[in-house]
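A look at the structure
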Amino acid sequence: MASFRCTLVYTGTDNRSHFGDLELPMDKIPTGDRTAPIAATGTLFRSGDGKAAYWELHPAPQRQFVFCLKGSFELECGDGAKRVFNAGDVFLVDDTTGEGHRFRELSGPTLMSWVMLPPDLDLSAWRV
């Protein structure tokens, strides 16, 4: 069975954010593969010049998929681990408690989309 893998940012027992991985199962369809529908509560888009955006440690305001559509970005977890995300990358922020993560734009112009998820969505079947 095919799957879609993306990065997870979560709060650990130490109250700091950490990276993990999610693997969403995909079913075959005539034109490729697809996941089952995932409930969402909202969507927003944000653009930037690639130079200005930097946020200090902060928890995610809610559980959300983040889609990098243009530019490149760096995410730093509270444990000090860093990852770079480029156009086409997807990650899910679920560190809604604790000290959170840092975020900065590396190059632009940038365009991102956030897809907000219900807080009761069970991620356990997708955790790697």
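Look up a bit, the structure's there.
Let us look at the structure shown here. Bear in mind the structure is a predicted one, so any value in this text is a computation, not a measurement.

**Here we look at the packing of aromatic side chains**
- Applying the stated criterion to the full structure yields 4 aromatic pairs.
- Where F73 meets F103, the ring centres are 5.6 Å apart and the plane angle is 25°; that geometry is what we call stacked. You can see F73 sitting in strand β6 (residues 64–77) and its partner F103 sitting in strand β9 (residues 101–116), a full 30 residues away along the chain.
- Each ring, one from F85 and one from F91, has its centre 4.4 Å from the other, and the planes form 40°; the classification is tilted.
- Its relative accessible area of 2% is what places F91 among the buried residues.
- Here the aromatic residues W55, F73 and F103 are joined through ring pairs into a cluster of three or more.
- Between the NZ or CZ atom of R127 and the centre of the ring of Y10, over which it lies, the distance is 4.7 Å.

**Some points on the pattern of salt bridges**
- Evaluated as defined, the whole model comprises 10 salt bridges.
- The partner of E105 in a salt bridge is R46, with the nearest N and O atoms 2.8 Å apart. Highlighted residues: E105 in strand β9 and R46 in strand β4 (residues 42–48), separated in sequence by 59 residues.
- Bridged by salt links that share partners, the residues R5, D21, E23 and R83 form one connected network.

**Some words on the side chain of H101**
- Looking at the element boundaries, H101 is found in strand β9.
- A relative accessible area of 5% places H101 in the buried class.
- Side-chain polar atoms of H101 contact the side chain of D95, separated by 2.7 Å.
- Dropping the residues within four chain positions of it, H101 is found in contact with V9, S17, E56, L57, H58, P59, A60, L75, E76, C77, V93 and D95.

**A few points about the pairing of β9**
- When β4 meets β9, the two strands line up antiparallel, connected through 7 bridges. Bridging across to β9, R46 finds its partner in M112.
- Direction of pairing for strand β5 (residues 54–58) relative to β9: antiparallel, over a ladder of 3 bridges. Along β9, the bridge assignment pairs Y54 with R104.
- Pairing of β6 with β9 involves 12 bridges; the strand directions are antiparallel. Across the sheet, residue K70 finds its bridge partner in β9, namely L111.

What counts and what doesn't
Residues numbered from 1 in each chain as written. Predicted model: local features only at pLDDT ≥ 70, side-chain atom pairs only at ≥ 80, totals over all residues. Heavy atoms only, no water. Phe/Tyr/Trp six-rings, centres within 6.5 Å; stacked < 30°, edge-to-face > 60°. Helix = DSSP H or I, 4+ residues; strand = E, 2+ residues; numbered from the N terminus. Buried < 20%, exposed > 50% of the residue type's maximum accessible area, 1.4 Å probe, protein only. Lys NZ or Arg CZ within 6 Å of the ring centre and 35° of its normal. Salt bridge = Lys/Arg side-chain N within 4 Å of Asp/Glu carboxyl O. Polar contact = N/O pair within 3.5 Å; in protein donor to acceptor, adjacent residues only side chain to side chain. Contact = heavy atoms within 4.5 Å. Pairing = 2+ DSSP bridges.

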